[in-house]
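A look at the structure
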Amino acid sequence: MKKMKTCMWLLLLLPAGAVWAAPNPDWTTPLAPFRIADNLYYVGSKDLASYLVVTPKGDILINSSLESSPALIQKSVEQLGFHFKDIKILLISHAHADHDAGSAEVKRLTGATYMVMDGDVAVVESGGAKDFAYPKDLYPATKVDRVLHDGDQVRLGGAVLVAHKTPGHTRGCTTWTMRALIGGHPRDVVIVGSWNVNPGFRLVDRPGKPASYPGIAADYERTFVVLKKLPCDVFLGAHGAYFDMLAKLDRAKAGAGESVWIDPDGYKAAVAERELAFEAELKRQQQGGS
Ligand SMILES: [Zn+2]
């Protein structure tokens, strides 16, 4: 009860647009790292997802997370028996501080090449200052070494990740796909970048009240078209909550093993539910809701 009261106060004290940044304890609570597929591991916290793709030529890390997260991620990588310094490539889900604020530190510790989708580069390189929603949520500005475009491949030691531009949540929000083996069979993996319309996002252009950025609603619409077309066996995302990670992890530990991550129906249902939520919010704003 006391905990609930504290949370409510936090929400009341924050400006509407900053609700997402309310300190969620799951973002910084460690979680024992685990294997998802043959060369794909979870190295994030209880909710902020970071993934490690291990190859003979070095490793790929997706999401540096909060400015304070690299130490937690490094510990998880080492707990699995891998070396943090083997990370050669750093990728992100999108340019919000809960996924990219640790990037300067990860680059400093590993020398990794930082690859970011075109629409998010300016935000990353300004340390968040150029973000349309949270320009005051600042973190160390980080140089991008390779600018990615929709459909680009990231290759290392036999691993191939494809960058799908799924904008709206940010201009360069990226959904990553790859193939990985579970139970000896190749599976299509989807790591959703984000599909959420955050509090304070303006989808509709009005005189004196412009959209969060020109074309944001059309971007979301295209994003749902893309997400519905992606073949998906293994359903993952930028937050564990997107794909019900903690409940699936309990089932994995109870004996179901890595098969719990195979959830094509869960993916389809989640995309459909988020699309309905977007459409409802768009309609609400079109009808004059602020
Ligand atoms: Zn975000």
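For the structure, check the block above.
Residues numbered from 1 in each chain as written. Predicted model: local features only at pLDDT ≥ 70, side-chain atom pairs only at ≥ 80, totals over all residues. Heavy atoms only, no water.

Brief notes about the overall build of the protein
Along the protein, the regular secondary structure elements total nine helices and twelve strands. Relative to the globule expectation of 19 Å for 290 residues, the C-alpha radius of gyration of the protein, 18 Å, shows essentially globular dimensions. Counting only C-alpha atoms and orienting by the principal axes, one finds that the protein spans roughly 55 × 45 × 40 Å. Counting over 290 residues, the protein shows a buried share of 52%. Sequence separation of 24 or more characterises 63% of the internal contacts of the protein that already satisfy a separation of 6 or more. Of the roughly 13200 Å² of accessible surface on the protein, a fraction of 57% belongs to carbon and sulfur atoms. (Helix = DSSP H or I, 4+ residues; strand = E, 2+ residues; numbered from the N terminus. Rg over C-alpha atoms; globule rule 2.2 N^0.38 Å. Buried < 20%, exposed > 50% of the residue type's maximum accessible area, 1.4 Å probe, protein only. Contact = heavy atoms within 4.5 Å. Areas by Shrake-Rupley, 256 points an atom, 1.4 Å probe, with all protein chains shown as cover.)

Here we look at the pairing of strand β5 (residues 87–91)
β5 sits mainly inside the fold: four of its five residues count as buried. Pairing analysis gives four bridges linking strand β4 (residues 58–62) to β5, with the strands arranged parallel. In the strand pairing of β5, Asp59 is matched with Ile87. Crossover handedness for the path β4 to helix α3 (residues 70–79) to β5: right-handed. Pairing analysis gives two bridges linking β5 to strand β6 (residues 113–117), with the strands arranged parallel. Looking at β6, one finds that Leu90 is bridged to Tyr114. (Pairing = 2+ DSSP bridges. Right-handed = clockwise from strand over helix to strand, strands pointing away.)

A few points about the environment of Arg202
When you line up the elements, Arg202 lands in the loop between β11 (185–192) and α7 (216–229). In this structure, Arg202 is in contact with Lys209, Pro210, Ala211, Ser212, Ile216 and Gln285, ignoring residues within four places of it in sequence. Among the polar contacts made by the side chain of Arg202, one reaches the main-chain carbonyl oxygen of Pro210 at a distance of 2.6 Å. (Polar contact = N/O pair within 3.5 Å; in protein donor to acceptor, adjacent residues only side chain to side chain.)

Focus: helix α9 (residues 264–286)
Taking 1.5 Å per residue as the helical rise, α9 with its 23 residues ought to reach 33 Å, and the 33 Å between its terminal C-alpha atoms agrees with that figure. Among the residues making up α9, those that are buried are Gly266, Tyr267, Ala270, Val271, Glu275, Phe278, Glu281, Leu282 and Gln285. For α9, the secondary structure elements touched by its buried residues are β11, α7 and β12 (234–237). Just downstream of α9 lies Gly288, where phi reads positive at about 105°. (Expected span 1.5 Å × (residues − 1).)

Thoughts on unusual backbone geometry
Within the chain, Asn63 stands out as a residue other than glycine whose phi angle is a positive 80°. Examined against the element boundaries, Asn63 turns out to sit in the loop between β4 and α3.

With respect to the coordination of the zinc ion
Protein ligation of the zinc ion involves His94 (NE2), His96 (ND1) and His169 (NE2), the donor distances falling in the range 2.1 to 2.2 Å. Mapped onto the sequence, the donors of the zinc ion take the spacing H-x1-H-x72-H. In this pair, His96 sits in the loop between β5 and α4 (97–100) while His169 sits in the loop between β9 (159–165) and β10 (174–182), placing the two residues 73 residues apart along the sequence. Of the two residues examined, His96 and His169, each falls in the buried class. (Donors = N, O, S within 2.8 Å, 3.2 Å for Na, K, Ca; no water.)

Examining the pattern of salt bridges
All told, the structure shown has ten salt bridges when counted by the stated rule. For Asp145, the salt bridge goes to Lys107, with nearest N and O atoms at 3.0 Å. Here Lys107 lies in helix α5 (residues 103–110) and Asp145 lies in the loop between α6 (118–125) and β7 (146–148), a separation of 38 residues in the sequence. According to the relative accessible area criterion, Lys107 is buried, its value standing at 18%. (Salt bridge = Lys/Arg side-chain N within 4 Å of Asp/Glu carboxyl O.)

Description of the pairing of β9
Counting buried residues in β9 gives five out of seven residues, a clear majority hidden from the surface. Of the strand pairs in this sheet, strand β8 (residues 153–156) and β9 are connected by four bridges, and their pairing is antiparallel. Bridge assignment links Arg155 to a residue of β9, and that residue is Val160. Here β8 folds back onto β9, and the loop between the two strands holds two residues, one of which, Gly157, carries a positive phi near 50°. Bridge count for β9 against β10 is four bridges, and the pairing is antiparallel. Considered in β10, the bridge of Lys165 is made with Thr174.

Remarks on the packing of aromatic side chains
The description of two aromatic rings rests on the distance between their centres and on the angle between their planes. Tallying each qualifying case throughout the model produces 14 aromatic pairs. With centroids separated by 5.1 Å and ring planes inclined at 55°, the aromatic side chains of Phe132 and Tyr213 adopt a geometry described as tilted. Highlighted residues: Phe132 in the loop between α6 and β7 and Tyr213 in the loop between β11 and α7, separated in sequence by 81 residues. A centroid spacing of 6.4 Å and a plane angle of 45° characterise the contact between Tyr134 and Phe201, whose relative ring orientation is tilted. One end of the pair, Tyr134, is in the loop between α6 and β7; the other, Phe201, is in the loop between β11 and α7, with 67 residues separating them in the sequence. Both residues of the pair, Tyr134 and Phe201, belong to the buried class. Three or more aromatic residues joined by ring pairs form one cluster here, namely Phe34, Tyr42, Tyr51, Trp195, Phe235, Tyr242, Phe243, Trp261 and Tyr267. (Phe/Tyr/Trp six-rings, centres within 6.5 Å; stacked < 30°, edge-to-face > 60°.)

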